[in-house]
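# Notes for the structure review
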Amino acid sequence: MIRDFGLLEVLTILQGMWTTLALSAVAFVGGGIFGTLVALSRTSAWTWLRITSAAYIDFFQGTPLLMQLFLVYFGLPVFGFHVSAWTAVAIGLTFHASAFLGEIWRGGIQAVPRGQSEAASALGLGYIDRMRDVVLPQAIKLSFAPTVGFLVQLVKGTSLAAIIGFVELSRSAQIVASTTYKPLIAYGLAGACYFAICFPLSRVSAYYERRFAPKT
Amino acid sequence: MATMAQSAAGSLDPIIRIDGLQKYYGAFHALKNINLDVHKGERIVVCGPSGSGKSTMIRCINRIEQFEAGSILVDGISLGESMKNVNAVRAEVGMVFQQFNLFPHLTVLQNCMLAPMRVRGTSKKDAEVVAMKYLERVRIPDQAAKYPAQLSGGQQQRVAIARALCMTPKIMLFDEPTSALDPEMVKEVLDTMIGLAQEGMTMLCVTHEMGFARQVADRVIFMDAGEIIEMAKPEEFFSQPKNERTRNFLGQILNH
């Protein structure tokens, strides 16, 4: 034992929790922006765009997140981009989230009745107006619960960043465990931190699922 | 037939000219060589059995439906491949759907204001004035702040008519506007449409409301299996239908 389990150890883990939250937020926002593009590509009138985006989604849904993080972390330097672990992880998670969110929102867009975009078209609204004012607001409501559900997966997924040496919640718990020889307390505390983030999100998801349930 | 159309309107160039229109759904030949001229101010009722292509035909006029061959000219603009032309035509052609298709996440007023603001660049203030004017026109101004789901079917369809009118269209297309309504609500929608007809709006209505056809139509068109089988003034159409299929159809919908 190098150190006792004291306030500093708790603070180290809380610092890790903060990093996990920041990483999740960046991945969610980045994934949300690219995910919108993926969803629009998947529902596009152009076949080549639909096929390309479907392949993109299949790749990220068909490979483990850890492999995706490795590919970005070790792949970017090959192309001459020397980035920090933080940037690599943020890019990797953004790609990952964009594929999953894109697929969730594609489902939302397609669940909006066809008559809605027909009526918007008939009024002379172009594609951008039709999507922004008519289709997406309804699609977002329909996809709200699964989107928050994915956010929970994403928060937990950030723990894989520990493997490439990025110090987030899991990695800081690991550090504390190895310096205090109290793995149960360290990992227990880290688990409680994940739960404190994810459980409220799950409740929010369940609440909106009920609230936005289709009314006829 | 062209002479009759001219006598009904007066201006020589048709506002809608459909020429050799062909439409396929895969191998199914949905529209077979449709030719139709509609003049400004004409009221045309299209009827026929379900699957006869009547909805498909009027949906081609604003290119909500694609077509494989033929040409459609609306107010001098060709509905070719150019999206610019298509949007220009859509801005001048209002459409009312069987299922209303109001935007459920917007209030009645917002439903009416959206297209003038986005397509015409009307200011919010002006769009609201125009929207209230047409909501009063369809006698529903007191529901402006409500959401579509809070209204009855008949009220929703009148809002849909007001929404289309806010773009001050030159032509109105009606695709079975009363078919999804409870019987007691049909009249309020038909009355609104009759009012429009009396103001001289150019109208194409797909409907089975034969009373409406008798009262306002300049011409009644009967379609079957993707073809225009018969086209006549209502008095002729109902008293002396020439085609066997027209007689069968009228027999089925009028005598029950």
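Refer to the structure presented above.
My aim in this report is to walk through the structure given alongside it, one point at a time. Computed from a predicted model, the values in this text were never measured in an experiment.

## Some remarks on unusual backbone geometry
Glycine aside, residues mostly have negative phi, and peptide bonds are mostly found in the trans state. We note that A:Tyr181 has phi near 55°; this positive angle belongs to a residue other than glycine. Examined against the element boundaries, A:Tyr181 turns out to sit in the loop between α7 (169-180) and α8 (183-211). Here B:Asp75, not a glycine, exhibits a phi torsion of approximately 50°, which is positive. Of note, B:Asp75 is situated in the loop between β4 (69-74) and β5 (77-78).

## Details of the sheet that holds strand β10 (residues 227-232) of chain B
All names here are of chain B. On the basis of which strands lie adjacent, the open sheet formed by six strands has the order β6-β7-β8-β3-β9-β10 and mixed pairing. The open sheet has two edge strands with one neighbour each: β6 (93-96) and β10. Ignoring strand direction, the axes of neighbouring strands in this sheet form an average angle of 20°. In this sheet, strand β8 (residues 202-206) lies alongside strand β7 (residues 171-175) in parallel orientation, the contact comprising five bridges. By the bridge assignment, Phe174 is partnered in β8 with Cys205. Seen against the sheet, helix α3 (residues 83-92) touches β6 and β7 and runs at an angle of roughly 65° to β6.

## Structural notes on the pairing of strand β2 (residues 28-38) of chain B
Residues and elements named next belong to chain B. Across seven bridges, strand β1 (residues 16-25) lies against β2 in antiparallel orientation. Each bridged residue has a counterpart across the sheet, and for Lys23 the counterpart in β2 is Leu31. Where β1 folds back onto β2 in an antiparallel hairpin, the turn is made up of two residues, including Gly26, whose phi is positive at roughly 60°.

## As for the packing of aromatic side chains
Counted under the stated rule, the structure contains 13 aromatic pairs over all chains. Centre to centre, the rings of A:Tyr73 and A:Phe74 are 5.1 Å apart; their planes meet at 70°, and the pair counts as edge-to-face. Arranged with centres 5.2 Å apart and planes meeting at 85°, the rings of B:Phe237 and B:Phe238 form a pair that is edge-to-face. A relative accessible area of 13% places B:Phe238 in the buried class. Through successive ring pairs, a cluster of aromatic residues spans A:Tyr56, A:Phe59, A:Phe60 and A:Phe95. Above the ring of B:Phe103, the side-chain terminus of B:Arg163 is found at 4.5 Å from the ring centroid.

## With respect to the pairing of β6(B)
All names here are of chain B. On β6, burial covers both faces: Val93 and Met95 on one face and Gly94 and Val96 on the other are all buried. In this structure, β6 lies alongside β7, joined through four bridges in parallel fashion. When the sheet's bridge partners are listed, Met95 is paired in β7 with Leu173.

## Section: the interface of chain A and chain B
Contacts between chain A and chain B engage 18 residues on the former and 21 residues on the latter. Together, the buried faces of chain A and chain B total about 1,600 Å²; carbon and sulfur atoms form 60% of this surface. Counting the surface chain A buries against chain B, the share from its top three residues, A:Glu118, A:Ala122 and A:Leu123, is 35%. A salt bridge links A:Glu118 to B:Arg59; the nearest nitrogen and oxygen atoms lie 2.8 Å apart. Put simply, the parts of the chain that give the side of chain A that touches chain B at least two residues each are α5 (114-122) and α6 (127-157) of chain A. The residue makeup of the side of chain A that touches chain B, split by class, is seven nonpolar, six polar and five charged.

## Brief notes about the side chain of A:Gln68
Note that A:Gln68 resides in helix α3 (residues 65-78). A:Gln68 has contacts with A:Phe59, A:Phe60, A:Thr63 and A:His96, leaving out every residue within four places of it along the chain.

## Observations concerning the pattern of salt bridges
A complete count under the given rule lists 23 salt bridges over all chains for this structure. A salt bridge links B:Glu65 to B:Lys23, with the shortest nitrogen-to-oxygen separation between them at 3.9 Å. Here B:Glu65 is found in the loop between α2 (54-61) and β4, whereas its partner B:Lys23 is found in strand β1, with 42 residues between them in sequence. Where B:Glu199 meets B:Arg137, a salt bridge forms, and the shortest distance between an N and an O atom there is 2.9 Å. Of this pair, B:Glu199 sits in the loop between α7 (183-198) and β8 while B:Arg137 sits in helix α5 (residues 124-137), and the two are 62 residues apart along the sequence. One network of salt bridges, in which partners are shared, links A:Arg114, A:Glu118, B:Lys23, B:Arg59 and B:Glu65.

## With respect to the sheet that holds β4(B)
All names here are of chain B. With respect to topology, four strands assemble into an open sheet ordered β2-β1-β4-β5, the strand pairing being antiparallel. The sheet is open, and its two edges are formed by β2 and β5, each paired on a single side. When β4 meets β5, the two strands line up antiparallel, connected through two bridges. Its bridge partner lying in β5, Val74 is registered against Ile77.

What counts, and where the lines are drawn
- Residues numbered from 1 in each chain as written.
- Chains lettered and ligands numbered in written order.
- Predicted model: local features only at pLDDT ≥ 70, side-chain atom pairs only at ≥ 80, totals over all residues.
- Heavy atoms only, no water.
- Helix = DSSP H or I, 4+ residues; strand = E, 2+ residues; numbered from the N terminus.
- Pairing = 2+ DSSP bridges.
- Axes fitted to C-alpha atoms, helices over the stretch in contact; angles between N-to-C directions.
- Contact = heavy atoms within 4.5 Å.
- Phe/Tyr/Trp six-rings, centres within 6.5 Å; stacked < 30°, edge-to-face > 60°.
- Buried < 20%, exposed > 50% of the residue type's maximum accessible area, 1.4 Å probe, protein only.
- Lys NZ or Arg CZ within 6 Å of the ring centre and 35° of its normal.
- Buried area = accessible area lost by both parts, 1.4 Å probe.
- Salt bridge = Lys/Arg side-chain N within 4 Å of Asp/Glu carboxyl O.
- Nonpolar A, V, L, I, M, F, W, Y, C, P; charged D, E, K, R; others polar.

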